[in-house]
Amino acid sequence: MTSSHTPLHSAYLDASLPTGVVLAATPLGNIGDATPRLCRLLERADVVAAEDTRRTRALAQALGVEIGGRVVSNFDHNEEQRVEMLLAAARTGTVAVVTDAGMPVVSDPGLRLVSAALDAGVPVSCVPGPSAVPTALALSGLDVGRFIFDGFAPRRDGARRTWLESLRGEKRAVCFFESPHRVAETLALAAEILGPERRVAVCRELTKTYEEVRRGPLGEVARWAAEWVRGEVTVVLDAAREAEVDVESLVPEVLERVGAGERLKAVCKDLAAAHGVRTRELYDAALAARG
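Residues numbered from 1 in each chain as written. Predicted model: local features only at pLDDT ≥ 70, side-chain atom pairs only at ≥ 80, totals over all residues. Heavy atoms only, no water.

1. Some thoughts on the pattern of salt bridges
At step 1: All chains considered together, the criterion is met by 17 salt bridges.
At step 2: Within the structure, one salt-bridge network assembled from shared partners comprises Glu165, Arg168, Arg257, Glu262 and Asp270. (Salt bridge = Lys/Arg side-chain N within 4 Å of Asp/Glu carboxyl O.)

2. Describing the packing of aromatic side chains
At step 1: Summed over all chains, the structure comprises three aromatic pairs.
At step 2: Here the aromatic rings of Phe149 and Phe177 are separated by 5.1 Å at their centres, their planes lie at 65°, and the arrangement is edge-to-face. Of this pair, Phe149 sits in strand 6 (residues 147-152) while Phe177 sits in strand 7 (residues 173-178), and the two are 28 residues apart along the sequence.
At step 3: Phe149 gets classed as partly exposed once you look at its relative accessible area, which sits at 28%.
At step 4: Assessed through its relative accessible area of 11%, Phe177 is described here as buried.
At step 5: Grouped by ring-pair contacts, the aromatic residues Phe149, Phe152 and Phe177 constitute a single cluster. (Phe/Tyr/Trp six-rings, centres within 6.5 Å; stacked < 30°, edge-to-face > 60°. Helix = DSSP H or I, 4+ residues; strand = E, 2+ residues; numbered from the N terminus. Buried < 20%, exposed > 50% of the residue type's maximum accessible area, 1.4 Å probe, protein only.)

3. Let's talk about the pairing of strand 6
At step 1: As paired strands, strand 6 and strand 7 are joined by four bridges and run parallel to one another. Note that in strand 7 the partner of Phe149 across the bridge is Cys175.
At step 2: Crossover handedness for the path strand 6 to helix 7 (residues 157-166) to strand 7: right-handed. (Pairing = 2+ DSSP bridges. Right-handed = clockwise from strand over helix to strand, strands pointing away.)

4. Some details on the domain arrangement of the protein chain
At step 1: Assigned domains within the protein chain: domain 1 (17-130), domain 2 (136-237) and domain 3 (247-289).
At step 2: Domain 2 and domain 3 are separated by 29 Å when their C-alpha centres are compared. (Domains from an automatic or database assignment.)

5. A closer look at the UniProt feature "domain: Tetrapyrrole methylase" (unreviewed entry) in the protein chain
At step 1: UniProt records the feature "domain: Tetrapyrrole methylase" (unreviewed entry) for residues 21-221 in the present numbering.
At step 2: Between the C-alpha atoms that bound residues 21-221 there is a distance of 41 Å. The span itself is 39% helix and 22% strand. (UniProt positions renumbered as here; feature names shortened; annotations may be inferred.)

6. Description of the side chain of Arg160
At step 1: Relative to the elements of secondary structure, Arg160 occurs in helix 7.
At step 2: Within the structure, Arg160 has its side chain in polar contact with the side chain of Thr186 (distance 3.0 Å).
At step 3: When neighbours within four sequence positions are excluded, Arg160 is seen to be in contact with Pro154, Arg155, Glu178, Arg182, Glu185, Thr186 and Leu189. (Polar contact = N/O pair within 3.5 Å; in protein donor to acceptor, adjacent residues only side chain to side chain. Contact = heavy atoms within 4.5 Å.)

7. Structural notes on the sheet that holds strand 8 (residues 199-204)
At step 1: Across the sheet, which stays open at both edges, the five strands sit in the order 6-7-10-8-9 with mixed pairing between neighbours. Two strands in the sheet have a free side with no partner beyond their single neighbour: strand 6 and strand 9 (212-217). Neighbouring strand axes in the sheet, compared pairwise and without regard to direction, differ in orientation by 15° on average.
At step 2: Where strand 8 and strand 9 come together, six bridges link them in antiparallel fashion. Paired with Val200 across the two strands is Gly216, which belongs to strand 9.
At step 3: Helix-sheet contacts for helix 9 (residues 218-225) involve strand 8, strand 9 and strand 10 (233-237), and the interaxial angle to strand 9 is about 140°. (Axes fitted to C-alpha atoms, helices over the stretch in contact; angles between N-to-C directions.)

8. Here we look at helix 11 (residues 264-275)
At step 1: Over its twelve residues, helix 11 runs 16 Å from end to end, which matches the ideal 16 Å to within 8%, given 1.5 Å per residue.
At step 2: Here helix 11 has its buried residues at Leu264, Val267, Cys268, Leu271 and Ala272. Each buried residue of helix 11 lies within a common arc of 125° when the element is viewed along its axis, so the set occupies one face. For helix 11, the exposed residues lying more than 90 degrees away from the buried face are Lys265 and Lys269.
At step 3: Check the buried side of helix 11 and you find it contacts helix 10 (247-259) and helix 12 (279-290). (Expected span 1.5 Å × (residues − 1). Arc of directions from axis to C-beta.)

9. Focus: the sheet that holds strand 2 (residues 47-50)
At step 1: Here we have five strands laid out as an open sheet, ordered 3-2-4-1-5, and parallel in their pairing. This sheet does not close on itself; its edge strands, each paired only once, are strand 3 (70-73) and strand 5 (124-127). Between one strand and the next, the sheet's axes are offset by a mean angle of 25°, whatever the strand orientation.
At step 2: In this structure, strand 1 (residues 20-24) lies alongside strand 5, joined through four bridges in parallel fashion.

10. Focus: unusual backbone geometry
At step 1: A positive phi angle is found at Glu205, which is not glycine, with a value near 55°.
At step 2: By the secondary structure assignment, Glu205 is in the loop between strand 8 and strand 9.
At step 3: Overall, Glu205 belongs to the buried group, its relative accessible area being 16%.
At step 4: Positive phi is not limited to glycine here, since Trp228 has a value of about 140°.
At step 5: The exposed category is assigned to Trp228, whose relative accessible area is 63%.

Structure representation (structure tokens):
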């Protein structure tokens, strides 16, 4: 006996598109990762707001899809100027927001339009799909049950050093993006600040022909990166481990640095974060030693 019911997935694909802003993930590199919903959205949306219109048209062609609506550019330098026009279109039709690869808003254009749409009561929905962040986390081989995503690593040396210092005692895995031209320098600095044994996974060209994941201690992976890294890079840094350090063993270093002119509280905070001990416990031990 055959059923006359339409399969659930077909019913969803045949339904009309929602009015409002629709964020849609695009393939990172492998065209096979495009979802049927993405294809349908490109075909039927009234407006497609694309980070790069040429790349979006090329994606549609590769998918065998004809974009039915108007295609407009929506990238970092014109995103703010596009908001009102896109909002007006989203009030009566469907505005699809796509980036070159992955999910809009996640270190990519889209946030300004989403914020404005929510403030104006315009519906916002999402067509989920590929994203470099969960892909890299899954491939890292590290404990990523709890993680933070920090976007792109700071470019300037001082800001990057401060950022890495803040990760010394981070008890969650840290995922971030980095330029292939700066990744060797960032990893070398990370090995200096966080220690050469802290584990890391460097994922490049995810889902593409030359996908590669290099895992290991920071010192070792930094030496590998120094030889040359190409392509899109996503890094996953392991969480700080509980240090097997006795508080009393750190007191001599605290007193030495304080004797050189540093403030006691600042030194205790710094060393406690680096070695995974309690700042207050180290502070009290140092006070007792001085007394």
